[in-house]
Protein chains: 6
Amino acid sequence: MKTILITGAAGWLGGMLRDQLNGWVETLRLSDIGDLGQTRPGEELVPCELGDYDGVMRLVDGVDGIVHLGGQSIEGEFETIVNANLRGCYHIFEAARKHGKPRILFASSNHAIGFHERETRLDGDALHRPDSLYGVSKAFGENLARYYYDKFGVESVSVRIGSCFEKPKDRRMLATWLSPSDFVAMVKAVFEAPRTGATVLYGASANREQWWDNGHAAFLGWKPNDSSEQFRAEVEGATPVPDPEDPAVRYQGGSFAAAGHFEDREPGS
Amino acid sequence: MKTILITGAAGWLGGMLRDQLNGWVETLRLSDIGDLGQTRPGEELVPCELGDYDGVMRLVDGVDGIVHLGGQSIEGEFETIVNANLRGCYHIFEAARKHGKPRILFASSNHAIGFHERETRLDGDALHRPDSLYGVSKAFGENLARYYYDKFGVESVSVRIGSCFEKPKDRRMLATWLSPSDFVAMVKAVFEAPRTGATVLYGASANREQWWDNGHAAFLGWKPNDSSEQFRAEVEGATPVPDPEDPAVRYQGGSFAAAGHFEDREPGS
Amino acid sequence: MKTILITGAAGWLGGMLRDQLNGWVETLRLSDIGDLGQTRPGEELVPCELGDYDGVMRLVDGVDGIVHLGGQSIEGEFETIVNANLRGCYHIFEAARKHGKPRILFASSNHAIGFHERETRLDGDALHRPDSLYGVSKAFGENLARYYYDKFGVESVSVRIGSCFEKPKDRRMLATWLSPSDFVAMVKAVFEAPRTGATVLYGASANREQWWDNGHAAFLGWKPNDSSEQFRAEVEGATPVPDPEDPAVRYQGGSFAAAGHFEDREPGS
Amino acid sequence: MKTILITGAAGWLGGMLRDQLNGWVETLRLSDIGDLGQTRPGEELVPCELGDYDGVMRLVDGVDGIVHLGGQSIEGEFETIVNANLRGCYHIFEAARKHGKPRILFASSNHAIGFHERETRLDGDALHRPDSLYGVSKAFGENLARYYYDKFGVESVSVRIGSCFEKPKDRRMLATWLSPSDFVAMVKAVFEAPRTGATVLYGASANREQWWDNGHAAFLGWKPNDSSEQFRAEVEGATPVPDPEDPAVRYQGGSFAAAGHFEDREPGS
Amino acid sequence: MKTILITGAAGWLGGMLRDQLNGWVETLRLSDIGDLGQTRPGEELVPCELGDYDGVMRLVDGVDGIVHLGGQSIEGEFETIVNANLRGCYHIFEAARKHGKPRILFASSNHAIGFHERETRLDGDALHRPDSLYGVSKAFGENLARYYYDKFGVESVSVRIGSCFEKPKDRRMLATWLSPSDFVAMVKAVFEAPRTGATVLYGASANREQWWDNGHAAFLGWKPNDSSEQFRAEVEGATPVPDPEDPAVRYQGGSFAAAGHFEDREPGS
Amino acid sequence: MKTILITGAAGWLGGMLRDQLNGWVETLRLSDIGDLGQTRPGEELVPCELGDYDGVMRLVDGVDGIVHLGGQSIEGEFETIVNANLRGCYHIFEAARKHGKPRILFASSNHAIGFHERETRLDGDALHRPDSLYGVSKAFGENLARYYYDKFGVESVSVRIGSCFEKPKDRRMLATWLSPSDFVAMVKAVFEAPRTGATVLYGASANREQWWDNGHAAFLGWKPNDSSEQFRAEVEGATPVPDPEDPAVRYQGGSFAAAGHFEDREPGS
């Protein structure tokens, strides 16, 4: 592995990986539409808009692996999602097909399956039940990944990320938290595995509360080491006791599943 | 049921339903970007491009049910599919949400699951394995359908249509054929059922060869009556013996699964 | 088979079987707390209250098979159900254990699984989800049946009867209707089968709408022949179009699932 | 959580919880028909017979959670079980419905599934296979729990307790042992979880031999920490090598599954 | 299809196929160690011992399909089974690999799964549970079939034949009977199907009692048309009422499952 | 446990067990066709060819348990496998039936399921998909084990051994490695368990990459303690990066699945 491309590298997740993966491969090729700051040793900065077909083709040319974080990461207007997530994702997979078939880690989301109830244990056979247009777009990306593997042999791991932050911000994240350190280990495992096929992987740390079963993907060799438990007292002290019948508690997607339609929301919500 | 909207009404399937459903409801509202011909009694003609948000809102206003056939029905360039199938499908579901939540029969396709092998019996829990960008777009529509039901209560049946023609055209269609008469009965059943939730239904007649199990949807009360068997001799006489290892035989999507990427194909293929 | 006992023989179902099974075995032993009328040839009338341990022991002594219809057949006060359905059912199985282990057809009910949704296809592995105290009592009877087979070898078939009437009375019964003729054939099949173990069987005719899959019990050799379809026009003409979101439509138990607690109901409801 | 009710508080399990949970909530309301001794700080003693409807209504009024241990905990005559376990359990759930729907931890038992074989791994989808009338009554309680949640929203966790004692007493308990400390942690987890729905949970420590899979309930956040392994040498030294074909070894319910009918047993067995 | 080889052609099944398939293909190549009688038009007689490697190679050379009926068809001494069924089956598959990979219909047997209980519905995922050394040898043949497809692309259908006779001979065969006519249709379907992969198929007619589910193989296009029901009265009149606890009734393999070890049996049993 | 027989005791695995199990039971009876060296305290040396019926009968007489390692442990000519693995395995089970039914640990192999893909998580319900004639013979042994338990009550554990060596030799073994120490603990667990029935167990250590799920066999009380992770750097340093599309990577059987037919191979491969 000489060169890994990270899209969405100006975001929080991307910046974290930029720091943590430096030195793991020869070159990190970093891309975003936002400001990527200064080039550091071992980096290539390649600004690119994911909706730009030709730009993405050039972006992917010459890389050995792709961490595709770029796109819209919350609910948004349909046309925003079309461009950033549907078109963007297609361009990435299509570029991979044309440029040596580098393996792809696709940052999918729990919101692709967010309308399953909390009491439902999900594994690799769970059907999509998106909780938002954003979630629908992530399911689209997973289906693209499956298609590009079945027809063209482009390998991928679609990670249904729970909540990857420095620490859990609310009670739901006590279950869904993916520690930055566990995510870094996952990225390495995905690219070091002898083979991935087109696999779906849930992205949560070894928290006390567990919703997802990664048994089907144990062949990848990734296991989380961290737990949200150290933050429990702090989080529970700062947040009210939840109502079990609240849709944000009932459904795995949390507030995404509970929210009304995008256009009916209050500004800022 | 007073008014049913049929999108894609200028196509073969749409025209067939236009003929067969006349009189079943008070009014058939027919829409397409192609020529719909003359208005007949019991019809309303409303030309509309599915990518036109406002147009689709007006189109859906006042209907009691929707048969959504419109869009691109074969493999095509990604941007064609974005407009016709992704955007168009979103507009239809969004319009339904805003206009009284008429139930929707969404014409999905076997190509949403076309990379499953012929030996794999599929039922309502089958994962998407699209065989084309077209198939990816149909899976997208099914996921939208699930989302609009889970969050907004818009009921639907997503029909993974096999091959709906006057008669089967090749050996594969001996298994996948859906007779026009069975499809008409299905449309009626979908709109007459007390409840559909968001259900996936396979669309094949009672052919001798069966790939799909509709047991999960037996509550809808639709059962096919026709069989392709009457056409077997004719079809087998006109086509060569298939090679079991040909991807077009191995995978359920047939030639869609076997074909290379759209842009690499011969013109006209 | 010389003697078959029918409990609850003064009820509608019991009376129907009394007529139809006469002559099939040498003697029908008929029991109820209600008026059984006059003894006819081939009959023994043995009035018995199911809560009476000694009475039930005598009732069962000497029979070769039992059709256990007796008990409370609708929702009721808990103590009524305790006596008629819990204690009564226990007495029947216990009497069978002590008196030669005649095979038992236990009239269970769809209300033992009535909180499954209509879109959920149920088979022999479906978990109990009772929709009423009555349904809880039927699940109790099924568990007793399993226990008496596992420990004592008392064979049984627990029939989750849909709606056994002359004809369907409402739209839900178009799916759940069990024709009297199909029920009679089922009774014969249960007692003629070489072996039943402790099997759960769904009791519905070959209606167009199907909720239940009896594949696991196909070894019994019972298949329904009738269909509610002949009554569809009449039933739909006499009843309003259902609301898909009505709990009585959403859940398989129908009005049982939709009803509030027994003690909160209007008299007569 | 201000007040938790513990029924059966004079028993061994109840007394253990009484000691261990003191201080965890403001008030432990303790109830039994046996002698509860003296009131200690943080306690309310409310003697109550579970067959007494009015008494149980008063008992439950004002509590925030219920640990329902009360009732018959071994095989017994049917009428004893009717009163203590069927009627008693109904009164508890009915009282919860009427008094603010406090969450319930229901002490079910492995004897509700005791006729499954040792080689059968059970999870949340396991069917009831009771090994005794006692086991039938526990299955009844679980079904009540499901019903009260489905219809009235009363949340619960039904714990199929293995063997909760200070230490395992025989070889079977090396597999089924639930340490007191793990049980205390479970009680806390059940009442601290954001949501439980109506969940079945197996109650065994992290023993070397495992029969049950709690994956479906991992969302609750309970994991056992203890193991019976420290007692293995002692237990194996004190007990003979088991016969694999002994029903008490073959079936998960152990001696309950192997025992004959209650009325045929030796006194004291 | 020009030439089909039938091994075991001197047996009852083989003779029946010899009659019925004459004219369906150009040439039937018939083989056995027993007397094959006179050559008829459209036939080639090639006597061959299945344990003879070179002989089998010659036997298979030039055929387009194989119906492998040859071998020991009842329980026997291990060494008899080694030669006729293990070695013989290996020779057939190995010869197919070397000679153009003709598709193979392998006559497996219900005795490969005969220790499943009658109440267990089996499908394509059923594990082997042989009821005899004979059954073990049939499972061996099925595993060879799977291996030769997975590694070498030799297609096959392994038919777990129930009881193929002119008519059912006992009560068990009312469930397991495969009519000669249905078997002939199956042979044709297997060789006419566009693709078989390595499929397991149960061989029973459309009898009233059904133990096996061929849904997984519905893609082959074979459905039975006959039923044993016409023979029920005759069979039941001639045979005693079965004991449900008799192992010959309890297990699907019937008397094979009930019988003791071969060497302990009475001569002629 | 007084006497345990180890077949194949002159091989690497056998020798390792010979060392490690000395003292665990009173007597190790050691058998092989190869040189067993000198008798040590606590040992009996009984040279025996597994194809010799009478010899195996004598060998097994008087033992309390059998670890059956003997036979051909790699791909070989069919007749070699017939004698060593088919006949040999039959003799061992048959001898056990006749001599007190000692429990058997049968050294099966991952090659019995080697044509499942790496991405497929296998458990106790996995179907056989052998990758070699050797794998077919191991599946045969497992089926014999099932048969001898179902009919005669001979208990066994069939261990699908991954790769049991001092340390992993290639990248595949990072997933499949079974440490000698874990294997020794497994042998003890198998013979100390109260009951085994006829169970299939996967033999791999607690490696980071996991292909197999032993949940169904957790009742046995065996859990691995070692991991291949300590050898990763060494192994990866010494071997090239694998090609994900190489059949030796794609299929669980590794090079066995990738290899051509035995007779076509280079000498020594």
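Quick caveat: nothing in here was measured; it's all calculated off a predicted structure.

Asker: For this particular structure, what's the right way to read the packing of aromatic side chains?
Answerer: The relative placement of two aromatic rings is captured by the distance of their centres and the angle of their planes. Inspection of every chain in the model, using the stated rule, returns 75 aromatic pairs over all chains. Relative to C:F165, the ring of C:W12 lies with its centre 6.4 Å away and its plane at 45°, an arrangement referred to as tilted. Of this pair, C:W12 sits in helix 1 (residues 12–21) while C:F165 sits in the loop between strand 6 (156–161) and helix 5 (173–176), and the two are 153 residues apart along the sequence. For C:W12, a relative accessible area of 40% corresponds to the partly exposed category. Members of the aromatic cluster, joined through ring pairs, are A:F93, A:Y147, A:Y148 and A:F152. The cationic tip of A:K169 hangs over the ring face of A:F165; the distance from NZ or CZ to the ring centre is 3.8 Å.

Asker: What am I meant to see in the relation of the copies chain E and chain F here?
Answerer: Note that the two copies of the chain are related through a rotation about an axis and a translation along the same axis. For the pair chain E and chain F, the best superposition has an RMSD of 0.0 Å and corresponds to a rotation of 180° with a translation of 0.0 Å parallel to the axis. Those values place the two copies in the arrangement expected of a two-fold rotation axis. In this assembly the copies share their binding face: 100% of the residues contributing to the interface of chain E also contribute to that of chain F.

Asker: I would appreciate a short explanation of helix 1 (residues 12–21) of chain E in the present structure.
Answerer: Owing to its 3.6 residues per turn, the α-helix aligns residues three or four sequence positions apart on the same side. All names here are of chain E. Taken together, the buried positions of helix 1 are L13, G14, M16, L17, R18 and L21. For helix 1, the secondary structure elements touched by its buried residues are strand 1 (3–7), strand 2 (27–30), strand 3 (43–45), strand 4 (65–68), strand 6 (156–161) and helix 6 (180–192). With its phi angle positive at about 95°, G23 sits one or two positions after the end of helix 1.

Asker: Sorry if this is basic, but what is going on with the interface of chain A and chain B here?
Answerer: Bring the parts together and some accessible area is lost; that lost area is often taken as the interface size. If you look at the interface, chain A gives 41 residues, while chain B gives 41 residues. Across the interface of chain A and chain B, roughly 3,300 Å² is buried in total on both sides, 59% from carbon and sulfur atoms. For the pair chain A and chain B, the number of links is four salt bridges. Two residues, B:R87 and A:E79, come together in a salt bridge whose shortest N-O distance is 2.7 Å. Contributing elements (two or more residues each) for the side of chain A that touches chain B: helix 3 (78–98), helix 4 (133–152) and helix 9 (255–258) of chain A. The element that contributes the greatest number of residues to the side of chain A that touches chain B is helix 4 of chain A, accounting for twelve residues. For the side of chain A that touches chain B, the class distribution of residues is 20 nonpolar, six polar and 15 charged.

Asker: What should I look at first to understand the sheet that holds strand 3 (residues 43–45) of chain F in this one?
Answerer: Working definition: the strands of a sheet are paired by backbone hydrogen bonds and lie parallel or antiparallel to each other. Residue and element names in this part refer to chain F. If you trace the seven strands from one edge of the open sheet to the other, you get 3-2-1-4-5-6-7, paired in parallel fashion. Both outer strands of the open sheet, strand 3 and strand 7 (198–203), are each paired with one neighbouring strand and no more. Averaged over all neighbouring strand pairs, the angle between strand axes comes to 20°, with direction disregarded. Two elements, strand 6 (residues 156–161) and strand 7, share six bridges in a ladder whose sense is parallel.

Asker: What is the right way to look at the pattern of salt bridges in this model?
Answerer: Close approach of charged atoms lets side chains of opposite charge pair. Residue and element names in this part refer to chain A. Within this structure, the stated rule accounts for 120 salt bridges over all chains. Taking the shortest distance from any N to any O, the salt bridge between R40 and E43 comes out at 3.4 Å. The class of R40 is partly exposed, set by a relative accessible area of 37%. It is possible to trace a salt-bridge network through shared partners that takes in R118, R208, E209, E229, R232 and E236.

Reading the values: rules and limits
- Residues numbered from 1 in each chain as written.
- Chains lettered and ligands numbered in written order.
- Predicted model: local features only at pLDDT ≥ 70, side-chain atom pairs only at ≥ 80, totals over all residues.
- Heavy atoms only, no water.
- Phe/Tyr/Trp six-rings, centres within 6.5 Å; stacked < 30°, edge-to-face > 60°.
- Helix = DSSP H or I, 4+ residues; strand = E, 2+ residues; numbered from the N terminus.
- Buried < 20%, exposed > 50% of the residue type's maximum accessible area, 1.4 Å probe, protein only.
- Lys NZ or Arg CZ within 6 Å of the ring centre and 35° of its normal.
- Least-squares fit on C-alpha atoms with pLDDT ≥ 70 in both.
- Contact = heavy atoms within 4.5 Å.
- Buried area = accessible area lost by both parts, 1.4 Å probe.
- Salt bridge = Lys/Arg side-chain N within 4 Å of Asp/Glu carboxyl O.
- Nonpolar A, V, L, I, M, F, W, Y, C, P; charged D, E, K, R; others polar.
- Pairing = 2+ DSSP bridges.
- Axes fitted to C-alpha atoms, helices over the stretch in contact; angles between N-to-C directions.

The values are spatial; any link to function lies outside them.
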